[in-house]
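Now for the letters of each chain:
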Amino acid sequence: MRPEHTLLFGLLLACLALSVRGANDTELTLVRDGEANASIVIAKEPTRAASFAAKELQCHLKQITGAEATITEVTSDEWRVASEKAGDGKASILVGESPATVALGLKSADFQPQEYLIKFGSNLIILMGRDKDDRRKMDYADPSSFPEFYDDQATCYAVYDFLERFCGVRWFLPTELGLVCPKSATLQVKGGEIRRSPTVKTRLQIFGYQIPADLCGDTLHESKPPPVLAWREQMLWYHRYRTGGENYAGNHSFYGYYDRFWKKNPKNAAVFEAEHPAWFAQGFTGDKPHQLCYTNPDLIRQVVQDARDYFDGKGKKPGAVAEGDYFALVPMDTGEWCKCANCQVLLHKEPTRGKGQFSNDRASDYVYAFVNQVAREIAKSHPNKFLSALAYWEYCYPPHREPLAPNVSITMCLHARNVYAKAVQDNDRAVFESWAKESLVRRKFFWFYYCFPSLAAVQAQFRCFPGFFAHSLAKQLPIYIAKGARGMFYEPAYLAYERRSALLDQVEFYVTWKLADDPALDGNALIDEFFRLYYGAAAKPMKAFYERVEAIFSDPNNYPPNPGHQTEEIAWGRLGTEERMQELAKLMEAAHAAVRTDLEKQRVALFDKGIWQYMLAGRKTYATQTRKKAAVLETTRIHRVATPVSENDWQKINWSKGAALGQWFTLKGEATPRQIEGRLLHDGKFLYLQLEEKTDPAKLVCRDDQIWNEDDWEIFVAHDPAKGRRQMGINAKGVHQDLAHGECDREWESGAQVNSDTSAADRWLVRVAIPLENLLPNGVKPGEKFYLNVIRATAASNAVVWIPTFPGSKEANRMGEMLLEP
């Protein structure tokens with residue numbers, strides 16, 4: 001008898017036994033004394049999901065026991081031949097649909113999406129579920145051949161659940177360093193029947209930000225970008241946490257309209273103009289507005305057609321955001337709404353809900369009126385499809401004016417990690433409760449901002465105090481899931497150079513996706529399990545370190561009133577104080593002393609390098625900068641000049657008499673080799689500024705007039721920097737944008753005249769004339785003082801400033817005192 005026939009007949013007997021045994025617990029020996037006592041059985045032409053799942057099972061069984069179980073492919077003919085032969089009594093693990101499972105009446109197509117089965121029988125285990133019928137070859141060494149995240153691949157879920165539940169396997173980090181795998185020459189498993197699917201149907205992450213190869217990384221742009229971890233290691237980790245599920249998309253979805261409908265003038269390639277100017281936000285100066293006119297009927301008809309084309313299988317238009325049954329309708333990521341009368345009547349001057357918070361309802365009636373008009377048309381042609389909307393920023397709450405159409409899904413954007421900010425958390429709960437009340441059946445998704453405080457640190461270029469918050473997650477996530485969370489999107493802790501951290505989120509990652517799979521699990525027990533299994537003998541001091549950092553980060557008493565995101569001052573002036581760092585140092589020493597195995601030693605060393613040394617560096621930088629901040633800033637006197645004869649002569653004034661903004665620095669107060677100078681004058685009516693850098697103008701970044709993402713000069717003025725400031729950004733084309741921070745009106749109509757000169761080969765020169773009556777609220781008169789700072793911004797790593805801001809923020813919170821001479 002051929003060996004494969006012996007195996008197959010054994011399978012037949014086991015299947016017959018399984019059909020009559022039911023779900024009573026059965027104990028099987030898969031490996032005995034280092035010798036495989038089980039084979040993995042798949043179809044002759046398996047799905048990619050089943051093939052991948054079989055290799056994952058084989059790999060982990062070998063990790064546990066050292067024995068490699070064979071993978072046997074079964075055809076229908078072989079199954080019929082085997083039915084006439086005798087078996088050898090070894091166990092078999094059926095992975096995915098095969099003739100063996102079909103003989104039991106189990107077919108992949110009979111399962112619901114994401115549903116899987118784990119079933120024990122006499123010398124038999126079945127691991128299968130709903131899989132996409134994709135029979136292309138899977139190469140375990142090539143991650144591009146793995147199942148796509150949105151493919152049906154429930155057989156993989158069955159294998160992962162089996163490995164966790166019955167074999168004690170965990171994946172706490174990518175690579176074998178994060179693999180928790182019991183070691184034993186003999187592996188026995190005991191179980192009955194489990195048939196289930198993950199509770200949260202869509203489980204998303206950001207894949208464009210890769211994990212550093214050393215699993216550590218930094219939030220500072222201090223050297224060249226670090227190498228990234230092998231893509232296969234990252235993909236394996238994501239698969240093992242069941243990333244993907246139901247295909248969904250929801251994000252800012254209209255940026256492609258600039259490419260499609262805002263095009264070059266055929267007579268002048270340097271000029272861009274709207275093909276349909278009424279489709280874009282009205283009432284703005286500059287090359288182009290930053291929003292659309294969401295009440296324009298022709299625009300709405302175009303959006304409806306784009307959605308219908310997508311749902312008809314004609315593909316996505318440039319810039320569109322759509323996946324599966326969802327087509328996104330989300331405005332640009334800016335609050336510069338259209339000023340036409342039809343739009344303005346739908347916009348509140350002040351929020352009625354969430355007042356004073358980032359998440360409010362100022363634009364809810366406006367945005368969702370637009371969404372409704374599209375949704376009603378799509379319901380006529382595609383009644384089973386959905387429009388996806390974000391509950392975000394000024395449209396975070398449900399609309400008041402009209403109910404939201406039933407074919408609209410909503411993704412609530414919540415500040416899950418800002419647990420220290422009571423007002424923010426209270427408002428997020430109000431947002432959540434309002435949507436829960438608005439509809440019991442609406443498809444609801446959650447976008448969780450785990451990205452702070454590290455994103456704030458990347459943007460402002462400092463090292464943050466870690467935002468550990470797993471115990472808060474353990475409490476809050478089951479509540480969200482219980483009230484109908486269909487999907488969750490996890491925005492991770494970011495690092496410099498578009499990397500993401502594996503360590504700043506390590507415990508949170510585990511708790512989040514375990515609870516998304518099964519919210520009935522005890523979140524606090526998951527945290528205990530993490531430290532016990534991952535750190536072993538060092539679990540106690542490592543857990544104490546984590547929980548101490550978590551307690552410091554989460555305590556509102558450690559923050560100023562109404563805190564926003566973390567700043568360097570908050571990180572190390574209020575959270576990571578010298579006394580607390582000494583306390584944490586003792587716990588770190590205790591962890592190093594407690595390790596017993598090489599693996600425990602490596603894991604503690606990784607945390608030391610990636611978290612503790614990062615914290616020490618942040619604290620050291622802060623201490624150094626604190627000494628620099630103590631320097632006294634002198635008052636700068638702005639000389640008065642005669643009023644130019646004509647309005648166009650102001651650029652001809654004698655700039656050499658201007659007050660000089662001479663020495664410039666990095667944001668952190670370090671000297672810069674860049675040659676930059678500023679000059680200021682006034683004539684009693686205007687403030688004149690001349691800003692110059694010795695540079696090659698051809699290298700200036702100037703795209704689409706997204707000023708804050710380009711090379712620009714940023715001028716800040718204030719009566720009192722602590723109470724608000726005004727900001728003007730100027731790009732290389734001389735286009736400027738005026739903002740107001742801390743005022744009722746967020747737009748500042750400066751009335752400025754701006755000239756940007758890039759004609760010389762070695763300099764960029766900008767001259768600005770701002771009416772003193774518009775400079776600040778109530779104006780500024782000769783003899784009065786005000787505050788000013790200027791930043792020459794490129795990328796965050798290259799920005800330089802006249803007065804160093806130190807926290808790194810482009811908001812010039814440290815400003816020079818200026819006196820207009822009478």
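Residues numbered from 1 in each chain as written. Predicted model: local features only at pLDDT ≥ 70, side-chain atom pairs only at ≥ 80, totals over all residues. Heavy atoms only, no water.

(A) Highlighting the sheet that holds strand 12 (residues 202-205). Read across the open sheet, the eight strands follow the order 13-12-21-20-19-18-17-16; overall the sheet is mixed. Only two strands of the sheet have a single neighbouring strand rather than two, namely strand 13 (244-245) and strand 16 (322-323). Against the sheet, helix 11 (residues 422-438) touches strand 18 (386-391), strand 19 (408-414) and strand 20 (444-449), its axis set at about 165° to strand 19. (Pairing = 2+ DSSP bridges. Helix = DSSP H or I, 4+ residues; strand = E, 2+ residues; numbered from the N terminus. Contact = heavy atoms within 4.5 Å. Axes fitted to C-alpha atoms, helices over the stretch in contact; angles between N-to-C directions.)

(B) Broad picture of the sheet that holds strand 1 (residues 26-32). Pairing is antiparallel in the open sheet, where three strands are placed in the order 2-1-10. Strands with a single pairing partner mark the edges of an open sheet, and in this sheet they are strand 2 (35-36) and strand 10 (187-191). Where helix 5 (residues 154-167) meets the sheet, it contacts strand 1 and strand 10, and its direction lies at approximately 100° from that of strand 10.

(C) Main features of the pattern of salt bridges. Evaluation of the coordinates by the stated rule reveals 48 salt bridges. Linking arginine 429 and aspartate 426 is a salt bridge whose minimum nitrogen-to-oxygen distance equals 2.7 Å. Linking arginine 429 with aspartate 426, this pair stays in helix 11, spanning three residues, or about one helical turn. Put simply, Arg674, Glu693, Asp711 and Arg792 are held in one network by salt bridges that share partners. (Salt bridge = Lys/Arg side-chain N within 4 Å of Asp/Glu carboxyl O.)

(D) Representation of the packing of helix 16 (residues 539-554) against helix 18 (residues 578-594) in the model. The geometry of helix 16 relative to helix 18 is characterised by a closest axis approach of 8 Å and an angle of 160° between their N-to-C directions. Taken together, helix 16 and helix 18 sit at an angle that is classed as roughly antiparallel. Crossing of helix 16 against helix 18: the hand is left-handed. Within the contact between the two elements, helix 16 uses Pro541, Met542, Ala544, Phe545, Arg548, Val549 and Ile552 and helix 18 uses Arg580, Glu583, Leu584, Leu587, Met588, Ala590, Ala591 and Ala594. Here the residues of the contact of helix 16 with helix 18 sort into twelve nonpolar, no polar and three charged. (Parallel < 35°, antiparallel > 145°, perpendicular 65-115°, else oblique. Left-handed = near helix turned anticlockwise from the far one by under 90°. Nonpolar A, V, L, I, M, F, W, Y, C, P; charged D, E, K, R; others polar.)

(E) Structural detail: the environment of isoleucine 481. Examined against the element boundaries, isoleucine 481 turns out to sit in helix 13 (residues 470-482). Sequence-distant contacts of isoleucine 481, that is, excluding residues within four places in its chain, are made with Thr199, Val200, Met488, Leu515, Ala516 and Pro519.

(F) Inspection of the environment of glutamate 589 at higher detail. Note on placement: glutamate 589 falls in helix 18. Judged by relative accessible area, glutamate 589 falls into the exposed class, the value being 55%. The spatial distance from the C-alpha of glutamate 589 to the C-alpha of methionine 542 is 10.0 Å, given a sequence separation of 47 residues. (Buried < 20%, exposed > 50% of the residue type's maximum accessible area, 1.4 Å probe, protein only.)

(G) Main features of the packing of aromatic side chains. Under the definition given, this model contains 68 aromatic pairs. Judged by centre distance (5.5 Å) and plane angle (90°), the ring pair of phenylalanine 254 and tyrosine 257 falls under edge-to-face. Looking at lysine 288, its charged tip hangs above the ring of tyrosine 258, at a distance of 4.2 Å from the centre. The ring of phenylalanine 284 is capped by lysine 339, whose NZ or CZ atom sits 4.7 Å from the centre of that ring. (Phe/Tyr/Trp six-rings, centres within 6.5 Å; stacked < 30°, edge-to-face > 60°. Lys NZ or Arg CZ within 6 Å of the ring centre and 35° of its normal.)

(H) Fine view of the packing of helix 2 (residues 48-65) against helix 5. Interhelical geometry of helix 2 versus helix 5 gives an angle of 20° and a closest axis separation of 8 Å. On the basis of the axis angle, helix 2 is roughly parallel to helix 5. Helix 5 is crossed by helix 2, and the crossing has right-handed handedness. Of the residues in helix 5, those touching helix 2 at Ala49, Ala50, Phe52, Ala53, Glu56, Leu57, His60 and Ile64 are Thr155, Cys156, Val159, Tyr160, Phe162, Leu163 and Cys167.

(I) Examining the confidence of the model for the protein chain more closely. In the predicted model, the protein chain carries a mean pLDDT of 91, and 92% of its residues have values of at least 70. Here residues 1-23 is modelled with pLDDT under 50, and outside its nearest four sequence neighbours on either side it reaches 53 contacts, counting other chains as well. (pLDDT = per-residue confidence, 0-100.)

(J) How the structure looks around helix 13. For helix 13, built from 13 residues, the straight-helix expectation of 18 Å at 1.5 Å per residue is met to within 8% by its first-to-last C-alpha distance of 18 Å. Along helix 13, the residues that are buried comprise Ala470, Leu473, Ala474, Gln476, Leu477, Tyr480 and Ile481. Positive phi appears at glycine 484, one or two residues downstream of helix 13, with a value of about 100°. (Expected span 1.5 Å × (residues − 1).)

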